[in-house]
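Take a look at the letters that make up each chain.
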Amino acid sequence: MWGSYGNGDGQFSGPYGVALDSLGSVYVADQWNHRIQKFSNSGRFLTKWGSYGSGDGQFINPHGVAVDGSGSIYVTDINNHRIQKFSSTGAFLTKWGSAGSGDGQFQLPFSVTVDSSGNIYVTDLGNHRIQKFSSNGTFLTKWGTYGGGNGQFYWPRGVAVDSLGNVYVADTSNHRIQKFNNSGLFLTKWGIFGSGDGQFSAPWGVAMDSLGNVYVGDMSNHRIQKFSNSGLFLTKWGTWGSGSGRFYAPRGVAVDGSGNVYVADTANYRIQVFGVASPDTIPPTISASATKADGSAYVPGSWTNQDVTVHYSCSDTGGSGLASCTGDQTFSVSTVSTTGTATDNAGNSASVSFGPINIDKIPPTITANARKADGSAHATNSWANQDVTVHYTCADSGSGIASCTGDQTFSASIASTTGTATDNAGNSASASFGPINIDKTPPVVAITSPANGAQFIQGETVLASWSVSDTLSGVAATSATTPNGQAVDAATMGVKTYTVTATDRAGNVTTVTNTYTVLSPAQATETLTNTVRGLNLPQGTETSLTSKLDAAVASLQQGQTQAAVNQLGAFVNQVNAQRGKALTNQQADALIQIVQRIIAAVTG
């Protein structure tokens, strides 16, 4: 190889096109130095010509270079939109072309090649076409339009012709090679975007050897690919870098009569030459990657709940090409490691291991239990009068627990609650608990008899009357001093209590106690006397009424029941006599009602 960055003899600033004459001399289009340099096939500098400009023999970014059978040199003068023709020593001979889209006009003429008849083929980059000329620049034909169909182009760059006159075009931005006959009839194509064998990323230069094999400068993949003239992939070499056999954006390619390949290693500012039968002692390369069943990437050592497929990518830069590459391997259970091997046709081999592969398809387990605020257990669908906390227990025997729902505390009823456990492989399980019934409201107890603070007369029959209700959990149990509808204690005198207790299903308790008093007939009569005195009656009326009550009290205290009844009857008669006068009807009725109760109590 030869060349370095610069503008001195044998230095380059963008070596693009490369061509060979029948004597083995090498011509290089030194684009950014705006010149052509000529070398021996060993890289010895011979001569140069050109400078920046638009005059005869001047260039603005020359790119393509080709040599015909008589040794004339053709150069694509890109930004002058023309072709210039020189002698082998650089003497200007002729030129043709101007900016435009008409026949014989160009929009950035890019590469040039010559067939065995001396016809010139030019890739007209900006017009997305091929133009064909005679050796003196006479327009002959053209073909191609912008597009991705057969015979269409998207920035065509490299062009080459085989011994039969077939034309091969590097259809750069369509990432393919197209083949035509010498009149432009489409014959075949190959290549798609990618980095695999037979795939391209911006194919640039194209060249033919004497056997009809096709060499392509696969620029953005930093390599050279070799094909049969029908597009069958044969071999490849090169990777990105600056070492021998490595490339940085290779563009121009040429092949001499011995099958040696000359490559314009553009961004390394040099020309590299590869022998036709160089021994291959370089092992192939192999790398491993893995995807899960859903197509997402799998990282070794991580956990997944899907099958894992390991894919091996193999390549060979030594020139002999790949002989074998381990195929995809799919795993359904964990494995410590797996190994793939690549072997080239020279017998060199390389291997790579991938692992560990951790696969867990078994969901974790999760259970739920609950406790009330006092620490006691709470069963599903039972009632509580406290906060209830649900606790989840999670376990996984494979990849391990990644997450487990934490404690959940509830202060009110809920139909159900659910917890989830997820393991490190992505499996999940859930457990529900419920319903959770919480009732913190005590039941309601209402005692209607005996009323709180009521007074009864000894011997009266007083029936117990009460009710209990609960709108949430419902009443579970009740107890009362006397059952509902039965007589309470009124046989003995004194202050007494009556109690009703209710418990709901949640354990809330309500106790209501009413206090009542049992009076003797005499005490009841004395109480009635005080009632009369509190009515603010006329003095004479009050005295008349109270005197009868006082007499009844005395009779009752002496055991003279009938006398007391008679005196009480006289009291009733006088009350009726005062009805509508000193007493209102309501007052009279109330007094008489009490007297009737006293009489009923003493007469049995």
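What this report covers is the structure whose coordinates are included nearby. (Residues numbered from 1 in each chain as written. Predicted model: local features only at pLDDT ≥ 70, side-chain atom pairs only at ≥ 80, totals over all residues. Heavy atoms only, no water.)

1. Structural notes on the state of the cysteines
Just so we agree on the cut-off: The term disulfide is used for any two cysteine sulfur atoms that are within 2.5 Å. Elements are defined by DSSP. Helices are runs of H or I of four residues or more, strands are runs of E of two residues or more, and each kind is numbered from the N terminus.
Following the criterion strictly, the structure yields 2 disulfides and no others. For C394, the disulfide goes to C404, at an S-S distance of 1.9 Å. Given an S-S torsion of about 70°, the disulfide between C394 and C404 has right-handed geometry. Note that C394 is positioned in strand β35 (residues 388-395) and C404 in strand β36 (residues 401-404), a separation of 10 residues in sequence. When the bonded cysteines of the protein chain are counted from the start of the sequence, the pairing works out to 1-2, 3-4.

2. Examining helix α3 (residues 561-577)
Stated formally: Every helix has an expected span of 1.5 Å times one less than the residues it contains. Buried, partly exposed and exposed residues are distinguished by accessible area as a fraction of the type maximum, computed with a 1.4 Å probe on protein chains only: under 20%, between the cut-offs, and over 50%, respectively. A contact between two residues is defined here by any heavy atoms of the two lying within 4.5 Å.
For α3, with 17 residues, the first-to-last C-alpha span of 24 Å sits near the 24 Å given by 1.5 Å per residue. When α3 is considered as a whole, its buried residues turn out to be A564, V565, L568, F571, V572, Q574 and V575. Packing partners of the buried residues in α3 comprise α1 (521-533), α2 (539-557) and α4 (585-603).

3. What to know about the packing of aromatic side chains
Applicable threshold: For Phe, Tyr and Trp, where Trp contributes only its six-membered ring, two rings pair if their centres lie within 6.5 Å, and the inter-plane angle classes them as stacked under 30 degrees, edge-to-face over 60, or tilted in between. Only Lys NZ and Arg CZ are tested; either one counts as a charge over a ring when it is within 6 Å of the ring centre and within 35 degrees of the ring normal.
Using the criterion set out here, one finds 27 aromatic pairs in the structure. Consider the rings of Y27 and W49, whose centres lie 6.5 Å apart with planes at 65°: the pair is edge-to-face. Here Y27 is found in strand β2 (residues 26-30), whereas its partner W49 is found in strand β4 (residues 45-49), with 22 residues between them in sequence. For the pair shown, Y27 and W49 are each scored as buried. Among the aromatic side chains, those forming a connected cluster through ring pairs are Y27, W49, F59, F86 and F92. One cation-aromatic arrangement involves R157 over F110; the distance from NZ or CZ to the ring centre is 5.1 Å.

The analysis is restricted to geometry; functional conclusions fall outside its scope.
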